[in-house]
Amino acid sequence: MDSSGFVHLRCPGWEGFSLAGLAPAVWLEGIRRRVLRWQAATPAAAGGVTAEYELEGGARFRLQALPAGCCGVQWRSQLSYTGRTEAVLNRVELLQTDQAGSSIRFGSRPGQVRVLVQGAYHGDVVALQESPKITAASGSEPGSPGPQTLKPRQLASTHFAVFYDRGEKKAFLAGYETSERWNGQIELRTGAEGNVERWALGFDGGDLLLIPGETVELEDAVLLVGPDPHVLMESYGDLVRARHRPEIPPGPVVSWCSWYPYRLGVTEDRILGTARIAAERLAPLGMKIIEADLGWEKGQLPSVFEENEQFSRGLAWLAGELKGLGLELGVWKAPFAVSEFDPVAREHPEWLILDEQGKPAEAWTWFWQPHGKIFILDLTHPGAQEYLREKVRALHRKGVRYFKGDFLGFACHALAKRRFDRRMVAGSGVEAARRGARILREELPGALLLNCGGPELPGTGQWPLLYTCNDTGNTGCITWDFQRANLRSMACHLFKNRRWGLIQTSCLCVGLPGTLDEARMRATAAFLSGGQIDVGDTLQSLPEERWQVLEATLPPPDASARAVDLFEPAYDPGNADYVAVCKGEKANATEVREHPPGCVWHLHFKRDWDEWDLVAFFAFDTAGGSSQPPKIARFALPFERVGLCPSEKYWAYEFWSGQFLGLIPSKRVNPKGYVHPGDHQDLSVGGEPGWLDITFAGPGVKLLCLRRPRPHPWVAGTSFHQSCGAELEDVRWNLETRVLSGVAVRPAGHQGYVAISASGMAMRGAEVDGQPVTARRGSGGAWLVPVTTTASATRWRAMFES
């Protein structure tokens, strides 16, 4: 902090980083208030610095910087108002760079900087500097490139943002530790040359009414620096968790949702028919909840809490039937939205957010039948609060034990600034939304609550389940570009799982009309997310091949994967032209390109009998048309990125196809260096030490299980569960008897196999529960021991020659 009160941030060892000339800014009554004077003092404890800024209009801003770990600063701030009359708080920026002399750099070369931005439903990693547009040079030959022009970029991220310098391998995270009243944002604007023109850490004030003489505590923030952006996000997540101590459901949460199977056609009979199948096939794998989504309400209105004729026997009856099957009832509601057709809109307009004419403000037009205007429930109004309590309390009395709260963001809508209680932050802030969430938690004791669009950070009115992406949609109906963006959004939220709550990656749909490859892609992402699995298929007509996909996904693991290519890329070295390779011609070298971020996920597994790594490769490229050849995706990734030793080789097994690759890195070697397209059938196409290099046609996913090779027979993978072995127990090799044995822990009636790498030994037989079975040879020389489970624990043995 210099003599002018400006904050300067630099990082030793990161020459390209600088945030210089930072200062707070406050807007009251629509006017930015100029800093009149400031003073600094060092607090007695913690070794931090405190600065106090006196502003025009009777405002005083106090900013305190405290050490946070070895490479971080925590920022605490408060605003005191000493004006003579009440004033409206429009905006606060804890730190910003509008002052003369400010400078912002996140790397020496802006083109090497990547920025993670996110919100409750989205997440992305983008280049700080957008790709240049090529303009024709004046007087040049037609088609020759002219000067490169960069498009200015404006970025905004909610709660936190990460800036990563690929050149110097350094990362900077700016984030909020709290979000009790306001929705913290990180904003950035670049110029035409790629330089950062403005950076701000602030939030909309929500038009909070300030009273003379009061002091308002603002949101706390933290700035962290380190070499690994993933570690920074995890450290930040831990700080927030330690601050708020959210309640995390202890075990896996598996539910079924009626929306994609039935939408508004849901009925109590369909719910009950689904539940009977779920109790038999899915409850043993962790399913506990059957949820009636939108469609059960009178008039099919999002804001009504009474049943319609499709649920003529009522929710209480349905909850009792489900309880008899060992399941619990869940319902969907948009509790902060009110339809114009809801009697509440007519009888109690004072409970709604009003417009400038004193009429209910129109926030949206309802997309589904019966359509109509959507108004916002004013959660600052005591009458609206009591109405919400009564309606939710009635749901609990009827046996509802899971509540999917949707369209919660209406409580934070900018229109909500015109609210009943101006001393509570509503529009563009989260205080009113937290009040609503607290009401839901108090009136639904013991129930699980899913947050779709509400306050994401833990705090008052915490949500144990967190929605993390856009709705997935039915298979076969959603573009691959949308699914790629949705996967990237999931990837940006993975670190929050079991820190802020259990994440949910929208409904898992694996049924028709989409392809089996699409089903596997969705299932892999849901599994590796490690959070709630919300099944979204018609169980009564689900094909058996899709049941195999669904059952292989349950139960989910107790940890989340990491998208290892968010900041550093996975490369596509390209594949040679098919015709040219077939003819034996030397094909032109293809340009190495980067795969879009978020396409490679990694999760480490450790059990008492082994540990291994899962690496998923998601490919979304499609052919340009029916006359174009399929797009062949190739992924090249260094071993270090997934925690493997670059000097070693590993056994590789691909789960969905059951293909054992043997040792990798590996590449087929033909006589005299001959190459042809059939070489790609081996999946592994690169022999470079320390690199994963695979190729396959997309759209699709490959889920590799990588294990340290053994000098004796050992498990390479299984077909039962995506973990490739977490469902196995007591696996051991007996050197004296030459027997590999173990226990498969799956419900009775499941059929699959254990894939075994024999390490050069010949198999002499196999048994399941003491009965002989016929093992068969698989790819890469692996042995496949067929197992049909007869109980929750089924013992298998594979015997080998001496």
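Residues numbered from 1 in each chain as written. Predicted model: local features only at pLDDT ≥ 70, side-chain atom pairs only at ≥ 80, totals over all residues. Heavy atoms only, no water.

## Remarks on the overall build of the protein chain
1) Next: Within the protein chain one finds eleven helices and 50 strands.
2) Next: The dimensions of the protein chain, computed from C-alpha atoms along their principal axes, are 95 × 75 × 60 Å.
3) Next: Sorting the 802 residues of the protein chain into buried and exposed places 58% on the buried side.
4) Next: For the protein chain, the computed accessible surface area is about 32,100 Å², with 50% contributed by carbon and sulfur atoms.
5) Next: Here the protein chain contributes 86 positively and 92 negatively charged side chains, and the mean placements of these two sets differ by 2 Å. (Helix = DSSP H or I, 4+ residues; strand = E, 2+ residues; numbered from the N terminus. Buried < 20%, exposed > 50% of the residue type's maximum accessible area, 1.4 Å probe, protein only. Areas by Shrake-Rupley, 256 points an atom, 1.4 Å probe, with all protein chains shown as cover. Lys, Arg positive; Asp, Glu negative; His and termini not counted. Charge placed at Lys NZ, Arg CZ, Asp CG, Glu CD.)

## Here we look at the packing of aromatic side chains
1) Next: Following the criterion strictly, the structure yields 39 aromatic pairs and no others.
2) Next: Aromatic side chains Phe163 and Phe172 sit 6.0 Å apart centroid to centroid with 35° between the ring planes, which places their arrangement in the tilted category. Both residues of the pair, Phe163 and Phe172, count as buried.
3) Next: Note on Trp366 and Trp368: the rings are 5.1 Å apart at their centroids and 65° apart in plane angle, and the pair reads as edge-to-face.
4) Next: Ring-pair connections join several aromatic residues into one group, and the members of that group are Trp259, Trp332, Trp364, Trp366, Phe367, Trp368, Phe407 and Phe410.
5) Next: When the ring centre of Trp547 is taken as origin, the NZ or CZ atom of Arg281, which lies over that ring, is 4.0 Å away. (Phe/Tyr/Trp six-rings, centres within 6.5 Å; stacked < 30°, edge-to-face > 60°. Lys NZ or Arg CZ within 6 Å of the ring centre and 35° of its normal.)

## Focus on the sheet that holds strand E25 (residues 364-365)
1) Next: One open sheet accounts for three strands, arranged E24-E26-E25; its pairing is antiparallel. The open sheet has two edge strands, strand E24 (337-339) and E25, and neither has a second partner.
2) Next: Judged from the two bridges that link them, E25 and strand E26 (residues 373-376) form a sheet pairing that is antiparallel. Following the sheet pairing, Thr365 is matched in E26 by Lys373. (Pairing = 2+ DSSP bridges.)

## A short note on the pattern of salt bridges
1) Next: In the structure shown here, the tally under the stated rule is 51 salt bridges.
2) Next: Put simply, Asp572 and Arg593 hold a salt bridge, and the shortest N to O gap is 3.2 Å. One end of the pair, Asp572, is in strand E33 (residues 571-572); the other, Arg593, is in strand E34 (residues 593-594), with 21 residues separating them in the sequence.
3) Next: Judged by its relative accessible area of 4%, Asp572 is buried.
4) Next: By relative accessible area, Arg593 is classed as partly exposed at 34%.
5) Next: The salt bridge involving Asp621 is made with Arg593; its shortest N-O contact spans 2.6 Å. Placement of Asp621 in the loop between strand E36 (610-619) and strand E37 (632-638) and of Arg593 in strand E34 is noted, with a sequence separation of 28 residues between them.
6) Next: For Asp621, a relative accessible area of 22% puts it in the partly exposed group. (Salt bridge = Lys/Arg side-chain N within 4 Å of Asp/Glu carboxyl O.)

## A word on the nonpolar core
1) Next: With 164 residues, the main nonpolar core has Tyr236, Leu550, Trp601 and Trp796 as its most contacted residues.
2) Next: A per-element tally of this core places helix H9 (residues 516-529) first, with seven residues.
3) Next: Dropping the residues within four chain positions of it, Tyr236 is found in contact with His159, Phe160, Leu173, Gly175, Tyr176, Val222, Leu224, Leu457, Phe495 and Trp500.
4) Next: Core analysis: the second largest hydrophobic core is formed by 52 residues, Val7, Leu22, Phe61 and Phe172 among them. (Core = buried A, V, L, I, M, F, W, Y, C linked by side-chain atoms within 4.5 Å. Contact = heavy atoms within 4.5 Å.)

## Here we look at the sheet that holds strand E45 (residues 751-757)
Within a beta sheet, neighbouring strands are joined by backbone hydrogen bonds and run either parallel or antiparallel to one another.
1) Next: Strand order across the open sheet formed by four strands is E42-E45-E49-E48, with antiparallel pairing between neighbours. For this open sheet the edge positions go to strand E42 (714-718) and strand E48 (776-777), each flanked by a neighbour on one side alone.
2) Next: Where E45 lies against strand E49 (residues 783-788), six bridges are found, and the strand directions are antiparallel. Residue pairing in the sheet places Tyr753 in a bridge with Pro786 of E49.

## Regarding the confidence of the model for the protein chain
1) Next: For the protein chain, per-residue confidence averages 94 on the pLDDT scale, and residues scoring 70 or more make up 96% of the total.
2) Next: A low-confidence stretch, residues 133-147 (pLDDT under 50), is modelled with 17 contacts involving residues beyond four sequence positions or located in other chains. (pLDDT = per-residue confidence, 0-100.)

## Digging into the environment of Arg263
1) Next: The residue Arg263 is located in the loop between helix H2 (259-262) and helix H3 (268-281) in this model.
2) Next: Sequence spacing of Arg263 and Gly119 is 144 residues, and the spatial spacing of their C-alpha atoms is 26 Å.
3) Next: Contact partners of Arg263, with chain neighbours within four places excluded, come to Ser258, Leu294 and Asn474.
4) Next: Among the polar contacts made by the side chain of Arg263, one reaches the side chain of Asn474 at a distance of 2.9 Å. (Polar contact = N/O pair within 3.5 Å; in protein donor to acceptor, adjacent residues only side chain to side chain.)

## Examining the side chain of Ser80
1) Next: Considering the arrangement of structural elements, one finds Ser80 in strand E7 (residues 72-81).
2) Next: A polar atom in the side chain of Ser80 sits 2.9 Å from the side chain of Thr215.
3) Next: Setting aside its immediate chain neighbours within four residues, Ser80 contacts Gly58, Ala59, Arg60, Glu214 and Thr215.

## Section: the environment of Ala316
1) Next: Inspection of the secondary structure assignment puts Ala316 in helix H4 (residues 314-324).
2) Next: Residue classification places Ala316 among the partly exposed positions, given a relative accessible area of 45%.
3) Next: A C-alpha to C-alpha distance of 54 Å links Ala316 and Arg777, two positions 461 residues apart in sequence.

## Comments concerning unusual backbone geometry
1) Next: Leu512 connects to Pro513 through a cis peptide bond whose omega is 10°.
2) Next: In this structure, Ser506 is a non-glycine residue whose phi angle is positive, near 65°.
3) Next: Mapping Ser506 onto the fold places it in strand E30 (residues 502-508).
4) Next: Backbone geometry at Arg738 places phi at a positive 60°, although glycine is not the residue there.
5) Next: Assignment of secondary structure puts Arg738 in the loop between strand E43 (728-734) and strand E44 (739-744).
6) Next: Among the residues examined, Arg738 registers a relative accessible area of 22% and is labelled partly exposed.

## Considerations on the packing of helix H6 (residues 382-397) against helix H7 (residues 431-443)
1) Next: One can describe the packing of H6 onto H7 by two numbers: an axis separation of 9 Å at closest approach and a directional angle of 30°. Handedness of the H6/H7 crossing: right-handed. Along the contact surface, H6 presents Gln385, Leu388, Arg389, Val392, Arg393 and His396, while H7 presents Arg435, Gly436, Ile439, Leu440, Glu442 and Glu443.
2) Next: Taken together, the residues of the contact of H6 with H7 sort by class into four nonpolar, three polar and five charged. (Axes fitted to C-alpha atoms, helices over the stretch in contact; angles between N-to-C directions. Left-handed = near helix turned anticlockwise from the far one by under 90°. Nonpolar A, V, L, I, M, F, W, Y, C, P; charged D, E, K, R; others polar.)

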